[in-house]
Amino acid sequence: FTLPMLAGVDLVLASPQDFMASPARWTEWISRFGGTCTAGPNFSYALAARALRRASNLDLSRWRVALNGAEPVNPTTVRDFTEAAAAFGMDPGAAFPAFGMAELAIAGTFPTPGSGLRVDAVDARMVEHDRFARPVLDENDEGAKGFALLGRPIPGLEIRITDTTTGSPMRDREVGELEISGT
């Protein structure tokens, strides 16, 4: 609530119950109020994509940041949403998959604004069994799994992956436990 007051911009709030009662309201509000930034968990974008396929007369051209976080970000959901919203003028680059958690006061990692969805395609079997994220050329390849890239740590945070038993740092692409430090 503080940022809109400090920046002198309008803030439109609605309860989660209003959204759940009618997911179409979210994009209707963005259109009606000329919204430029909003946030929701992955499931909300799945519901909004379905609602957009039945919508008409929306203007989403001012939408600049569609933060997707608070639960795992599914690349298919993001693509479905951005394709449906593009029909109403939203730039797919507005997709903003991010990582956060309450213990971080929400923000953990952010992508570059305007970069949209970027995906790391890896060998699903190797991630599961060998605990190594070996890249594959195409996330549509059989046995591939796509993970949304969630950006870089926000200023003041350091994030690394550690071994779950020893706590020692892991090498790039090894599966381990997330360790976060910072202000």
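Let me begin by describing the structure that accompanies this report. Keep in mind it's a predicted model, so treat the numbers as computed, not measured.

### Digging into the sheet that holds strand E4 (residues 99–101)
Two orientations exist for strands paired in a sheet by backbone hydrogen bonds: parallel and antiparallel.
Reasoning step 1: Strand order in the open sheet formed by three strands is E4-E5-E8, with antiparallel pairing between adjacent strands. Both outer strands of the open sheet, E4 and strand E8 (152–153), are each paired with one neighbouring strand and no more.
Reasoning step 2: Note: E4 against strand E5 (residues 106–110), three bridges, orientation antiparallel. Along E5, the bridge assignment pairs Phe99 with Thr109.

### Details of the nonpolar core
As a rule of thumb, soluble globular proteins bury nonpolar side chains together.
Reasoning step 1: With 18 residues, the main nonpolar core has Trp26, Leu52, Leu60, Trp63, Phe81, Ala85 and Met90 as its most contacted residues.
Reasoning step 2: Residue contributions to this core peak at five residues, all from helix H4 (residues 42–52).
Reasoning step 3: The contact partners of Ala85, leaving out residues within four places of it in the chain, are Leu52, Leu60 and Met90.

### Describing the pairing of strand E2 (residues 65–68)
Reasoning step 1: With burial as the criterion, each face of E2 is covered, one bearing Val65 and Leu67 and the other bearing Ala66 and Asn68.
Reasoning step 2: Bridge count for strand E1 (residues 37–40) against E2 is four bridges, and the pairing is parallel. Note on E2: the bridge partner recorded for Cys37 is Val65.
Reasoning step 3: Handedness of the E1-H4-E2 crossover: right-handed.

### Describing the packing of aromatic side chains
Reasoning step 1: Taken as a whole and judged by the stated rule, the model has six aromatic pairs.
Reasoning step 2: On the numbers, 5.5 Å between centres and 75 degrees between planes, the contact of Trp63 with Phe81 is edge-to-face. Taken as a pair, Trp63 in the loop between H4 and E2 and Phe81 in helix H5 (residues 75–86) lie far apart in primary sequence, 18 residues in all. The same class applies to Trp63 as to Phe81, namely buried.
Reasoning step 3: Through a chain of ring-to-ring contacts, three or more aromatic side chains come together here, namely Phe19, Trp26, Tyr45, Trp63 and Phe81.
Reasoning step 4: If you follow Lys145 out to its NZ or CZ, it ends over the ring of Phe147, 5.2 Å from the centre.

### Here we look at the pairing of E5
Reasoning step 1: Linking E4 back to E5 in an antiparallel pair, the connection comprises four residues, with Ala105 at a positive phi of about 60 degrees.
Reasoning step 2: Examined bridge by bridge, E5 and E8 share two bridges and lie antiparallel to one another. Within E8, the residue paired with Thr109 across the bridge is Pro153.

### What to know about the packing of H4 against H5
Reasoning step 1: Look at H4 against H5: their axes get within 8 Å of each other, and the N-to-C directions meet at 35 degrees. At the point where H4 passes H5, the crossing takes the left-handed sense. Where H4 approaches H5, its residues Asn42, Tyr45, Ala46, Ala48, Ala49 and Leu52 are matched on the opposing element by Thr77, Val78, Asp80, Phe81, Ala84 and Ala85.
Reasoning step 2: Grouping the constituent residues of the contact of H4 with H5 by class yields nine nonpolar, two polar and one charged.

Calculation criteria
Residues numbered from 1 in each chain as written. Predicted model: local features only at pLDDT ≥ 70, side-chain atom pairs only at ≥ 80, totals over all residues. Heavy atoms only, no water. Pairing = 2+ DSSP bridges. Helix = DSSP H or I, 4+ residues; strand = E, 2+ residues; numbered from the N terminus. Core = buried A, V, L, I, M, F, W, Y, C linked by side-chain atoms within 4.5 Å. Buried < 20%, exposed > 50% of the residue type's maximum accessible area, 1.4 Å probe, protein only. Contact = heavy atoms within 4.5 Å. Right-handed = clockwise from strand over helix to strand, strands pointing away. Phe/Tyr/Trp six-rings, centres within 6.5 Å; stacked < 30°, edge-to-face > 60°. Lys NZ or Arg CZ within 6 Å of the ring centre and 35° of its normal. Axes fitted to C-alpha atoms, helices over the stretch in contact; angles between N-to-C directions. Left-handed = near helix turned anticlockwise from the far one by under 90°. Nonpolar A, V, L, I, M, F, W, Y, C, P; charged D, E, K, R; others polar.

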